[in-house]
Amino acid sequence: AAGVIQSPRHLIKEKRETATLKCYPIPRHDTVYWYQQGPGQDPQFLISFYEKMQSDKGSIPDRFSAQQFSDYHSELNMSSLELGDSALYFCASTIMGGVADTQYFGPGTRLTVL
Amino acid sequence: LAKTTQPISMDSYEGQEVNITCSHNNIATNDYITWYQQFPSQGPRFIIQGYKTKVTNEVASLFIPADRKSSTLSLPRVSLSDTAVYYCLVGPRGANNLFFGTGTRLTVIP
C-alpha cells in the first residue's frame with residue numbers, strides 16, 4: 001500500500017540558511033500534519049492542514065511556515081536555521097473523519113544544522 | 001486534551017505478554033484512547049484505538065475499565081522486534097493534532 005513520502009530524507013544546512021521539506025500524503029488523504037522530534041525527545045506537533053487550509057497550529061516557530069498545495073502535498077519552509085532546529089521532521093496524513101482517525105506517518109526528514 | 005501518564009520504561013523477555021498501563025484521570029466524554037508505536041528514527045505507527053471495554057486487533061488488545069481513567073495496552077508474546085517506544089494518546093476523534101507525552105520505552109530481552 002502507498003505510504004506517506006517525505007523528501008529529502010536527510011538534509012544538512014548551515015546556521016542562518018533556509019530549508020524546505022516536502023511531504024506527499026497517501027492518495028485521497030486530505031489532511032497533513034507536521035511534527036518535530038528532537039534527539040531523545042517525543043514528537044511535537046507543529047502545524048496541520050485540511051483541504052489546503054491551515055487547520056491547527058502548535059509549537060511552530062515564526063521562522064517556519066508551511067502550506068498545502070492543490071495536489072495535497074505539503075511543504076515546510078524553515079528560515080534562519082538554528083542549531084536547535086536539528087531534529088527529525090515527520091509528516092503524517094489522514095482522511096478527516098475517517099475510520100479510527102488514524103494518522104499515517106512518513107519516514108521523516110533528518111535535518112542537521114551545523 | 002487529557003494528560004496521560006505512562007511508565008518511562010519496561011523490560012520483558014521474549015515470548016512474554018506485556019501490559020503497559022496509561023493513566024488519564026481527566027479523560028472527557030468524547031475522548032478516545034489511541035496507542036502508537038515508534039521504532040528509532042521512524043515515524044510513529046498506529047497500533048489500536050478504543051473508547052470503552054476491550055478492543056482487539058491482530059497486533060494488540062486494549063483494555064479500558066468502566067471509569068475510563070486508565071487503559072492497558074496488551075502485547076501478546078513479544079519478540080525482539082517489539083522493542084520500541086509506545087505512546088498513549090487521549091483526545092476527541094477528529095482532533096487536528098496528536099499530543100505525544102512521554103512514552104514507554106519497551107525493551108525485549110532475548
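Residues numbered from 1 in each chain as written. Chains lettered and ligands numbered in written order. Predicted model: local features only at pLDDT ≥ 70, side-chain atom pairs only at ≥ 80, totals over all residues. Heavy atoms only, no water.

This part is about the overall build of chain A. Each helix and strand in chain A was counted, giving zero helices and 11 strands. Along chain A, from the amino end to the carboxyl end, the secondary structure elements read β-β-β-β-β-β-β-β-β-β-β. Over its C-alpha atoms chain A spans a radius of gyration of 13 Å, differing by no more than 12% from the 13 Å that the globule rule assigns to 114 residues. For chain A, the C-alpha atoms occupy an extent of roughly 40 × 25 × 20 Å along the three principal directions. Intrachain contacts of chain A at a sequence separation of at least 6 include 53% that bridge at least 24 residues. As displayed, chain A offers around 5,500 Å² of accessible surface, 50% of which is attributable to carbon and sulfur atoms. Positive and negative side-chain charges in chain A, numbering 10 and 12 respectively, have mean positions lying 6 Å apart. (Helix = DSSP H or I, 4+ residues; strand = E, 2+ residues; numbered from the N terminus. Rg over C-alpha atoms; globule rule 2.2 N^0.38 Å. Contact = heavy atoms within 4.5 Å. Areas by Shrake-Rupley, 256 points an atom, 1.4 Å probe, with all protein chains shown as cover. Lys, Arg positive; Asp, Glu negative; His and termini not counted. Charge placed at Lys NZ, Arg CZ, Asp CG, Glu CD.)

The next point concerns the interface of chain B and chain A. Taken together, the contact between chain B and chain A spans 20 residues of the former and 24 residues of the latter. Here chain B and chain A share an interface that buries about 1,600 Å² over both sides, 47% of which is from carbon and sulfur atoms. On inspection of chain B and its partner chain A, the count reaches four residue pairs in polar contact (both at pLDDT 80 or more). Contributions of two or more residues to the side of chain B that touches chain A are made by strand S3 (31-38), strand S4 (45-50) and strand S8 (84-92) of chain B. (Buried area = accessible area lost by both parts, 1.4 Å probe. Polar contact = N/O pair within 3.5 Å; in protein donor to acceptor, adjacent residues only side chain to side chain.)

Residue and element names in this part refer to chain A. Strand order in this open sheet of four strands is S1-S3-S8-S7, and the pairing throughout is antiparallel. Two strands in the sheet have a free side with no partner beyond their single neighbour: strand S1 (5-7) and strand S7 (64-68). Across the sheet, the mean angle separating the axes of adjacent strands is 15° when strand polarity is ignored. Relative to strand S8 (residues 74-78), S7 is paired through five bridges, and the arrangement is antiparallel. Of the residues in S8, the one forming a bridge with Gln 67 is Glu 75. (Pairing = 2+ DSSP bridges. Axes fitted to C-alpha atoms, helices over the stretch in contact; angles between N-to-C directions.)

Now for the pairing of strand S5 (residues 44-50) of chain A. All names here are of chain A. Along S5, five of the seven residues are buried, which leaves the element largely enclosed by surrounding structure. Relative to S5, strand S4 (residues 31-37) runs antiparallel, the two sharing six bridges. Within the sheet, the bridge partner assigned to Tyr 35 lies in S5 and is Phe 45. Here S4 folds back onto S5, and the loop between the two strands holds six residues, one of which, Gly 40, carries a positive phi near 70°. The sheet contact formed by S5 and strand S6 (residues 53-57) spans four bridges and is antiparallel. The partner of Tyr 50 across the bridge, within S6, is Met 53. (Buried < 20%, exposed > 50% of the residue type's maximum accessible area, 1.4 Å probe, protein only.)

Our next topic: the state of the cysteines. Residues and elements named next belong to chain A. Taken as a whole and assessed by the stated rule, the structure comprises two disulfides over all chains. Across the disulfide from Cys 23 sits Cys 91; the S-S distance is 1.7 Å. Judged by the sign of its S-S torsion, about -50°, the cystine formed by Cys 23 and Cys 91 is left-handed. Residue Cys 23 is found in strand S3 (residues 19-24), and its partner Cys 91 is found in strand S9 (residues 87-94); the two are separated by 68 residues along the sequence. Just as Cys 23 is buried, Cys 91 falls in that class too. (Disulfide = S-S within 2.5 Å.)

Residues and elements named next belong to chain A. Taken as a whole and assessed by the stated rule, the structure comprises four salt bridges over all chains. When the shortest N-O distance is used, the salt bridge between Glu 51 and Lys 52 registers 4.0 Å. A relative accessible area of 30% means that Glu 51 is categorised as partly exposed. Its relative accessible area of 35% is what places Lys 52 among the partly exposed residues. The salt bridge partner of Asp 85 is Arg 63, with a shortest N-O separation of 2.9 Å. Taken together, the residues Asp 85 in the loop between S8 and S9 and Arg 63 in the loop between S6 and S7 connect sequence positions 22 residues apart. Look at the salt bridges and you will find they share partners, linking Arg 63, Glu 82 and Asp 85 into a network. (Salt bridge = Lys/Arg side-chain N within 4 Å of Asp/Glu carboxyl O.)

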